[in-house]
Amino acid sequence: MCQRIGHRHSIFCVVPPHVLQAVVQNAEAPEDREAALNTLLIDGTQRTLRGIRLAAPVEQALAARVSAFGARQSAKHRIIYDAHNTDTLPGEVVRTEGDPDTGDRAANEAYDGLGHTYDYYLSELGRNSLDGQGGPLHAVVHYLQDHDNAYWDGRYMLFGDGFLMDHLTELSVAAHELTHGVTEVEAQLFYYKQSGALNEHVSDVFGSVVKQYANGREDASEADWLIGEGIWRDGIEGEALRSMKNPGTAHNDPLIGKDPQPDHMDNYYRGLDDAGGVHINSGIPNKAFYLVADRIGGFSGDKAARIWYATLRDERLLIRTKFKEFAQLTYINAWNLFPDGDEANIVKTSWAEVGIEIS
Amino acid sequence: MRVQFNTDGGHVPGLRRRLDIDTDKRTITIGIADRIIGTDEVPVEESDELERLMKGADFFELPATSPPPPGAADYQSYTISATTPSHSYEVRLTDPIENPRVRELVNHLNHRWMKMIDARLASRRRDTS
């Protein structure tokens, strides 16, 4: 109950509601009225439970505040930090919601990437931020020196500047990282072997679909289906980190090797590297999703991504779910969402094409 | 002392950095995944610097593993092993590394790897231009 919106006034933590009402109505200092009103707002649930009635003018002022608070809660709230090439987290705040361009490409791309991702989830899926509660989105740019990675640490998205890579703040990568936050809230898919590959797969699905959304709700047949397009520095042979349309073809360079993703269960990776192949075997469900989206046609966010989002939120999806169980759930959710169409059959045949049979 | 450094994790499974330094023989070998990219001599100052960083990080007293934060994904992990006539020890670390001395050691090893790779890339660019 001592949590405060805006101005902090600790004495109000223990002040009963009737005294707070008197402060709202009679205090001379505006900041005292403001703090008392905010405390009444925070204390609202308990007050309702206790059946305490407020004086009419205070109730009206409170209603207005509740409305404003609600509006703030359903709005984007992006915070971009600059770690200045160190590991000090989260670093210096360089851009917050509504601030102008900072002149720094990484900070601006991260800000825009968070914005597109937030907008997609809210407008297409009705989800208000990662937590579904309008929580803030945090991203750290210039993390470490020449760091070849972008990752989700459970709180922040962290973007390195890259050494063999460049442009790690590319939209599909940013949306991929944010989606790890959604997955953590909805399913906690265990980050190892098949459940880990599904965790990666879900991030690739929404990484790509958010990019297609930002490109004007692009048709599936027009999309590039690449994760991290143009991420490699000059001199490295590769067009992206991964390809959902053609897994295993995103890069092939003497220095960094060939993209190891399979597109069929026949080539499933059984080793222990990469947490049991979380970025390797994700190529198999990635290919299945691409086939579903391409065969349904139109913007993949209209149907295919809705089927996958319903699956992610399905209570039958467990932390150690395997490919076959996940595929089965996509089939069930396709039936539930589109009972009169051909979508469920498309889902079934697409999974079969990558070697996963749905019963 | 022989120090071996390996990375794994991150978005690209094939991009596992390997570094093998022998401060007594003053040799260094670098690789990516299972491929050896090159070998070099290590100046005595660099050997001394690495031994100083290992000592500063209190390497032989570090916990053997540090798990990733809950819910984390796409993080990189680092395995460092050190062998001396009297000790042999291996440590597995995961980003974010919060101990500044350990971070300094990992940064040093990473930059040594990048320095040699940079030279290979520059040579490749010359060959193709």
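Definitions and limits used
Residues numbered from 1 in each chain as written. Chains lettered and ligands numbered in written order. Predicted model: local features only at pLDDT ≥ 70, side-chain atom pairs only at ≥ 80, totals over all residues. Domains from an automatic or database assignment. Contact = placed C-beta atoms within 7 Å. Helix = DSSP H or I, 4+ residues; strand = E, 2+ residues; numbered from the N terminus. Pairing = 2+ DSSP bridges. Core = buried A, V, L, I, M, F, W, Y, C linked by C-beta atoms within 7 Å. Buried ≥ 20, exposed ≤ 12 C-beta atoms within 10 Å, placed from the backbone. Axes fitted to C-alpha atoms, helices over the stretch in contact; angles between N-to-C directions. Parallel < 35°, antiparallel > 145°, perpendicular 65-115°, else oblique. Left-handed = near helix turned anticlockwise from the far one by under 90°. Nonpolar A, V, L, I, M, F, W, Y, C, P; charged D, E, K, R; others polar. Expected span 1.5 Å × (residues − 1). pLDDT = per-residue confidence, 0-100.

Caption draft 1: Representation of the domain arrangement of chain A within the structure. Residues and elements named next belong to chain A. As far as domains go, chain A holds domain 1 (10-73), domain 2 (76-169) and domain 3 (179-359). Here the C-alpha centroids of domain 2 and domain 3 sit 23 Å apart. Domain 2 puts 15 residues into the contact, and the matching count from domain 3 is 16 residues. The greatest single-element share of the side of domain 2 that touches domain 3, amounting to five residues, is contributed by helix H5 (residues 105-125).

Caption draft 2: Summary view of the pairing of strand S2 (residues 17-22) of chain B. Residues and elements named next belong to chain B. As paired elements, strand S1 (residues 2-9) and S2 share five bridges and run antiparallel to each other. Paired with Arg 2 across the strands is Asp 22, a residue of S2. Examined bridge by bridge, S2 and strand S3 (residues 27-32) share six bridges and lie antiparallel to one another. Residue Leu 19 lies in a different strand from S3, and its bridge partner there is Ile 30.

Caption draft 3: Structural view of the nonpolar core. Counting residues in each nonpolar core, the largest one holds 94 residues, and the members touching the most others are Ala 110, Ala 139 and Phe 159 of chain A. Two domains share this core, each providing at least three of its residues, namely domain 2 (76-169) and domain 3 (179-359) of chain A. Once residues within four sequence positions are removed from consideration, Phe 159 of chain A is found in contact with Ala 106, Ala 110, Ala 139, Val 140, Val 141, Tyr 143, Ala 150, Leu 168 and Thr 169 of chain A. With 19 residues, the next largest nonpolar core counts Ile 30, Leu 50, Tyr 78 and Ala 82 of chain B among its residues.

Caption draft 4: How the structure looks around the sheet that holds strand S2 (residues 92-96) of chain A. All names here are of chain A. The strand order S2-S1-S3-S5-S4 describes an open sheet built from five strands, whose pairing is mixed. Edge strands, defined here as strands with exactly one partner in the open sheet, are S2 and strand S4 (150-152). Put simply, the sheet's adjacent strands are angled 25° from each other on average, direction ignored. One ladder, built from four bridges, connects strand S1 (residues 78-86) with S2; its direction is antiparallel. What sits directly across from Ile 80, in S2, is Arg 95.

Caption draft 5: The arrangement of the packing of helix H11 (residues 323-337) of chain A against helix H12 (residues 343-353) of chain A in detail. All names here are of chain A. Orientation of H11 relative to H12, taken along the N-to-C sense of each, is 165°, at an axis distance of 8 Å. Judged by the inter-axis angle, H11 sits roughly antiparallel to H12. In this structure, H11 meets H12 at a crossing whose hand is right-handed. Together, Ala 327, Thr 330, Tyr 331, Ala 334 and Trp 335 of H11 and Glu 343, Ala 344, Val 347, Lys 348 and Trp 351 of H12 make up the contact between the two elements. Across the contact of H11 with H12, the residue classes tally to seven nonpolar, one polar and two charged.

Caption draft 6: Structural detail: the interface of chain A and chain B. In this assembly, 28 residues from chain A lie in contact with 27 residues from chain B. Of all the elements in the fold, those that place two or more residues in the side of chain A that touches chain B are S4, helix H6 (171-186) and helix H8 (273-277) of chain A. Split by residue class, the side of chain A that touches chain B holds 11 nonpolar, nine polar and eight charged.

Caption draft 7: Looking closely at helix H1 (residues 44-56) of chain B. Between its terminal C-alpha atoms H1 of chain B stretches 18 Å, which fits the 18 Å expected from 13 residues at 1.5 Å a residue. Positive backbone phi, at 55°, marks Asp 58 of chain B, one or two positions downstream of H1 of chain B.

Caption draft 8: Spatial organisation of the confidence of the model for chain A. Model confidence for chain A is summarised by a mean pLDDT of 86, while 79% of its residues fall at 70 or above. Every residue in residues 65-73 of chain A is under pLDDT 50, and counting partners more than four places away or in other chains gives six contacts.

Caption draft 9: Spatial organisation of the environment of Lys 25 of chain B. Within the secondary structure, Lys 25 of chain B is located in the loop between S2 and S3. In the structure, Lys 25 of chain B is positioned 16 residues away from Glu 41 of chain B in sequence and 8.7 Å away in space, judged by C-alpha atoms.

Caption draft 10: Structural detail: the pairing of strand S5 (residues 76-83) of chain B. All names here are of chain B. A one-sided burial pattern is seen for S5, the buried positions being Gln 76, Tyr 78, Ile 80 and Ala 82 and the unburied ones Ser 77, Thr 79, Ser 81 and Thr 83. Pairing of S1 with S5, which is carried by eight bridges, proceeds in the antiparallel orientation. Paired with Thr 7 across the strands is Tyr 78, a residue of S5. Note that S5 and strand S6 (residues 88-94) share seven bridges and pair antiparallel. If you follow Ala 82 over to S6, its bridge partner there is Tyr 89. Connecting the antiparallel pair S5 and S6 is a turn made up of four residues.

Caption draft 11: Region of interest: unusual backbone geometry. Cis rather than trans, the peptide bond between Leu 89 of chain A and Pro 90 of chain A has omega equal to 0°. Within the secondary structure, Pro 90 of chain A sits in the loop between S1 and S2. A positive phi angle, close to 55°, is found at Arg 217 of chain A, a residue other than glycine. Locating Arg 217 of chain A in the fold gives a position in the loop between helix H7 (193-214) and strand S6 (226-227). At Asp 58 of chain B, a position not held by glycine, the phi torsion is positive, near 55°.

Caption draft 12: Examining the environment of Asp 48 of chain B more closely. With respect to the secondary-structure elements, Asp 48 of chain B resides in helix H1. Each C-alpha atom of the pair Asp 48 of chain B and Thr 23 of chain B lies 7.8 Å from the other, and the pair is 25 residues apart in sequence.

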